[in-house]
Amino acid sequence: MDTLTHALSGALLARGTARPGQRLPPSRRMLAFAIGAAFPDLDYLLFLLHPLEFLNWHRGPTHSLVLLPLWAWLLAVCLARMLGGRWRDFFWPCALGILAHIAGDVITIYGTKLFFPLSDRAFALGWSFDVNPYLAFLTAAGFVATLAWRPAPAAAATLAAIVVFLFSASILREQALRVARDHARASGLEPATVYALPQPLSPSHWSLIVAHEGGYRTAYLDLLGRQPAAIPPDASPLRRMAAGYRPPDALQWVDHSPFGEEPSLAREAWEQPQLASFRRFATLPALYRIDRDDGVLCVWFTDLRHALPGLPPSFRHGACRADPAADWRAYRLRYFSENDRQPL
């Protein structure tokens, strides 16, 4: 989830668990919960320093259950020095806030390394896109309700609404997976691994991926069966994206190859040491495109988990060289751009 929703979830938890006689004043306790719930996203700063290494370190150390006591203690000490009081009084609000953040990220598709550094495994339930306006609304409305009504019942009702929403998302995911499995069976692509990934605009929108021996086949599904409306050439990015989802009986399946029509060249670029971090990150890696501009050759790859209809994929990393005798250099294409290269 986004950082603001995380912070609101911490404030909501603080309001819902407030009891008479607690050591911290309500305002400081709520601040500790909110800061704790926002804290794990501090790892976004790594993107400014090293966008490639960020891919693997994001949702790692700061999102770890193993390291949670350390982060809660550090936050508690800082808050005690800034606001006054004992660090022990801030520890549990900070710890519970961090725990709420971790729970909010596990439901997405990115992957959260819950047991770092003991394990590098990333857990992802895949029930929600990373930014979910519905969960953000429920959390914000619940927080406002705790201010206008009795906090504990309002927080409990909000939690129940979020659980119902996520349970519904899990059911929709199973329905989307069934569509992908049926396509794999009907197309003779078995054995195959199928994926149904939540999308940002609607709980009924899913990205379907069939990973088979020859590569991948993808489609964008609208479980409500709505036919996409025609859009003008100057349509906004959101309208273009919304138009990409189709009903189960009118899906447009697209084939993707790990190395495309020039497999030797693409494999050479893919295996460059500079792209080792991207290889560790990409669960469903595929060739994005090959550019030959102004004498510079660039081979770009993406992770199909993070592709949206009508928009450039979020993560596009590759290797470029000026001539066959030159060394490869690692680059990324900046978010939402077509050709804006950033050296890594």
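Throughout what follows, the structure given in this document is the object of discussion.

The rules behind these values
- Residues numbered from 1 in each chain as written.
- Predicted model: local features only at pLDDT ≥ 70, side-chain atom pairs only at ≥ 80, totals over all residues.
- Heavy atoms only, no water.
- Phe/Tyr/Trp six-rings, centres within 6.5 Å; stacked < 30°, edge-to-face > 60°.
- Helix = DSSP H or I, 4+ residues; strand = E, 2+ residues; numbered from the N terminus.
- Buried < 20%, exposed > 50% of the residue type's maximum accessible area, 1.4 Å probe, protein only.
- Lys NZ or Arg CZ within 6 Å of the ring centre and 35° of its normal.
- Axes fitted to C-alpha atoms, helices over the stretch in contact; angles between N-to-C directions.
- Parallel < 35°, antiparallel > 145°, perpendicular 65-115°, else oblique.
- Left-handed = near helix turned anticlockwise from the far one by under 90°.
- Contact = heavy atoms within 4.5 Å.
- Nonpolar A, V, L, I, M, F, W, Y, C, P; charged D, E, K, R; others polar.
- Core = buried A, V, L, I, M, F, W, Y, C linked by side-chain atoms within 4.5 Å.

Turning our eyes to something else, we now look at the packing of aromatic side chains. By the definition in use, this model includes 17 aromatic pairs. Geometrically, the ring pair formed by Y110 and F281 is tilted, given 5.6 Å between the ring centres and 45° between the ring planes. One end of the pair, Y110, is in the loop between α6 (87-106) and α7 (133-148); the other, F281, is in helix α11 (residues 276-281), with 171 residues separating them in the sequence. With respect to burial, Y110 and F281 carry one shared label: buried. Grouping aromatic residues by their ring pairs yields a cluster made of Y44, F47, F54, Y110, W270, F278, F281, F301, F315 and Y335. Across the ring face of Y331, the terminal group of R341 is positioned such that the distance to the ring centre comes to 5.6 Å.

It is worth spelling out the packing of helix α2 (residues 26-38) against α6 at this point. At a minimum axis distance of 7 Å, the contact between α2 and α6 shows a crossing angle of 40°. Put simply, α2 runs oblique to α6. Crossing handedness for the pair α2 and α6: right-handed. Listed contacts from α6 to R28, R29, A32, F33, G36, A37 and A38 of α2 are F90, P93, C94, L96, G97, I98 and H101. Residues of the contact of α2 with α6, tallied by class, amount to nine nonpolar, three polar and two charged.

Moving on: the nonpolar core. One finds L55, F278, V299, F301 and W328 to be the most contacted residues of the largest nonpolar core, which totals 21 residues. Taken together, the elements giving at least two residues each to this core come down to α4 (51-57), α10 (263-270), α11 and β6 (296-303). The dominant element in this core, judged by the number of residues it contributes, is α10, at four residues. Setting aside anything within four residues of it in sequence, one finds F301 in contact with P258, F259, A266, A269, W270, F278, A286, L287, Y288, F315, R316 and H317. Within the second largest apolar cluster, 20 residues are counted, among which are L68, A80, F91 and A95.

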